[in-house]
Amino acid sequence: TLELHKGMRGPQAKKRCLELLQLVGIETPESRLGSYPHQLSGGQKQRVMIAMALANEPDLLIADEPTTALDVTVQKQVLELLQDLQQKLGMAILLITHDLTIVRRYANRVAVMEHGKLIEEQETSALFASPNHAYTRKLLNAEPPEAPLAQAIGDKPMLNVSNLDVRFTVRKGLFGKVKDYFHAVKRVSFSLNRGQTLGIVGESGSGKTTIGHALVKLTASTGSIELDGQELAGLDQNAFRPWRRRVQIVFQDPFGSLSPRMSVAEIVREGLEIHDSENHEHHDQKVITALRDVGLDPEARHRYPHEFSGGQRQRIAIARALVLQPDLMILDEPTSALDRTVQKQVIELLQDIQARYGLSYIFISHDLAVVRALSHQLLVLRQGDIVEYGDAGDIFRAPAEQYTQELLHAAFFYHQKDVTITTTI
């Protein structure tokens, strides 16, 4: 952008790039000039994007969902950075988001859109206090509940994880000998009863998803993983295969986790064809039942994923896991790409399925409001270590560790300061 619009090249452009990276809070910007995007964290990538947008000192900055994929602490850093830059540069910001917490915290005025139409626009405090339109009221009422449903706990833990440890090789030497590694998960231990939900939270890179992948052997690990008293950690992939139907995973991205070349029926039925020897007619009936369980019309099972909304695709992913009637479902950021109204629908769906079938969930998320709505137990991670673990209600009410306090402050901070950014939702 500097070359195109200001004719800057060589040392002049490099100097300006360093100024911009420093302005957006990139540490040691000189060491980052040669870095590629995959070598940066999510928060660093977002800061670089902001630096690109600020390079030509715009009068208006349009920020389209700038914090959707970021954990709460990085979200707060990015939004406070935008707020600070706005004051320094005197620019206007149009912030497009579905996160009402961010809207309430940062917006001067709010414009509400539905089906391409502007249906309401007010000062932020007035809109949250007294919305005029029914759709706005529906959005504001879609906040997740503050406590989960009652849990149906068995007599003893269904899942016992002890000293789970995951390391990724970073550098190999001569003859393939490992010279350096990244310690992603460090001797993590927890248990889970039948009908209970364990929430796992922490910043990006804390090891949340790695734990989920290790439990279903998508990532190599050491330590003990017991399901109903059976040790699974030492099993190879063939020996573990019969257990896969009992432990299912729903991935974060409802767009990327479903094959575009397969119909919904084929996607949901695929696990049955691998794990269930019954005939095709029985499979089709189970697919129909699973789709009904997640609130989808079975008549749509011959359509393809691109014909469905994001919320419907996430329901398809849940149906794919549910059709095998598992004991445990690992839910990895299942609501991160969804707006609040669809999030609430998915939360209610998961609660209904859990109550009906006595399923246990491991719920991995950076959205602490959603975690609070679903979790009976809470595990707080930081850089692979357990910071805090225990009853979710107790931790949300009175976190013992400073890091947990910082996470909760970043997640539930909208009421603490006057708002300052113009926003569209």
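Just above sits the structure.
Residues numbered from 1 in each chain as written. Predicted model: local features only at pLDDT ≥ 70, side-chain atom pairs only at ≥ 80, totals over all residues. Heavy atoms only, no water.

Brief notes about the packing of helix H5 (residues 72–89) against helix H17 (residues 402–411)
- Where H5 contacts H17, the axes come no closer than 8 Å and their chain directions differ by 55°. With respect to H17, the axis of H5 lies oblique. Here H5 and H17 pass one another in a crossing that is left-handed. Residues Val-72, Thr-73 and Lys-76 of H5 touch H17, and the partners they reach there are Leu-407, His-409, Ala-410 and Ala-411.
- In the contact of H5 with H17, the residues fall into 4 nonpolar, 2 polar and 1 charged. (Axes fitted to C-alpha atoms, helices over the stretch in contact; angles between N-to-C directions. Helix = DSSP H or I, 4+ residues; strand = E, 2+ residues; numbered from the N terminus. Parallel < 35°, antiparallel > 145°, perpendicular 65-115°, else oblique. Left-handed = near helix turned anticlockwise from the far one by under 90°. Contact = heavy atoms within 4.5 Å. Nonpolar A, V, L, I, M, F, W, Y, C, P; charged D, E, K, R; others polar.)

What about the side chain of Ser-360?
- Residue placement: Ser-360 occurs in strand E12 (residues 360–364).
- The residues touching Ser-360, leaving out its near neighbours within four places in the chain, are Met-158, Leu-192, Asn-193, Arg-194, Gly-195, Gln-196, Asp-327, Leu-328, Met-329 and Gln-354.

Some remarks on the environment of Gly-256
- Position of Gly-256 among the secondary structure elements: in the loop between strand E10 (247–250) and helix H11 (264–275).
- When the C-alpha atoms of Gly-256 and Pro-305 are compared, they prove to be 10.0 Å apart, with 49 residues separating the residues in sequence.

Some remarks on H5
- Here H5 contains 18 residues, and its C-alpha end-to-end distance of 26 Å stays within 8% of the 26 Å for a straight helix at 1.5 Å per residue.
- Of all the residues in H5, the buried ones are Val-72, Thr-73, Val-74, Gln-75, Lys-76, Val-78, Leu-79, Leu-81, Leu-82, Gln-83, Leu-85 and Gln-86. (Expected span 1.5 Å × (residues − 1). Buried < 20%, exposed > 50% of the residue type's maximum accessible area, 1.4 Å probe, protein only.)

Considerations on the pairing of E12
- Along E12, 5 of the 5 residues are buried, which leaves the element largely enclosed by surrounding structure.
- As paired strands, strand E7 (residues 197–201) and E12 are joined by 4 bridges and run parallel to one another. By the bridge assignment, Thr-197 is partnered in E12 with Tyr-361.
- Taken together, the 5 bridges between strand E11 (residues 328–332) and E12 define a ladder with parallel strand orientation. The residue bridging Leu-331 from the neighbouring strand is Phe-363, located in E12. (Pairing = 2+ DSSP bridges.)

Regarding the sheet that holds E10
- With mixed pairing, 6 strands are arranged side by side in an open sheet as E10-E11-E12-E7-E13-E14. Only two strands of the sheet have a single neighbouring strand rather than two, namely E10 and strand E14 (385–391). Taking each pair of neighbouring strands and ignoring which way they run, the sheet shows an average axis angle of 15°.

Let's talk about the pairing of strand E3 (residues 107–114)
- In this structure, E3 lies alongside strand E4 (residues 117–123), joined through 6 bridges in antiparallel fashion. Residue Glu-114 lies in a different strand from E4, and its bridge partner there is Lys-117.
- Between E3 and E4, which follow one another and run antiparallel, lie 2 residues, and His-115 among them has a positive phi close to 50°.

Quick notes on the packing of H11 against helix H12 (residues 280–293)
- Contact geometry for H11 and H12: axes closest at 9 Å, N-to-C directions at 120°. With respect to their mutual orientation, H11 and H12 come out oblique. The way H11 lies across H12 gives a crossing that is right-handed. Together, Val-264, Ala-265, Val-268, Arg-269, Leu-272 and Glu-273 of H11 and His-280, His-283, Asp-284, Lys-286, Val-287, Ala-290 and Leu-291 of H12 make up the contact between the two elements.
- Grouping the amino acids of the contact of H11 with H12 by side-chain chemistry returns 7 nonpolar, 2 polar and 4 charged.

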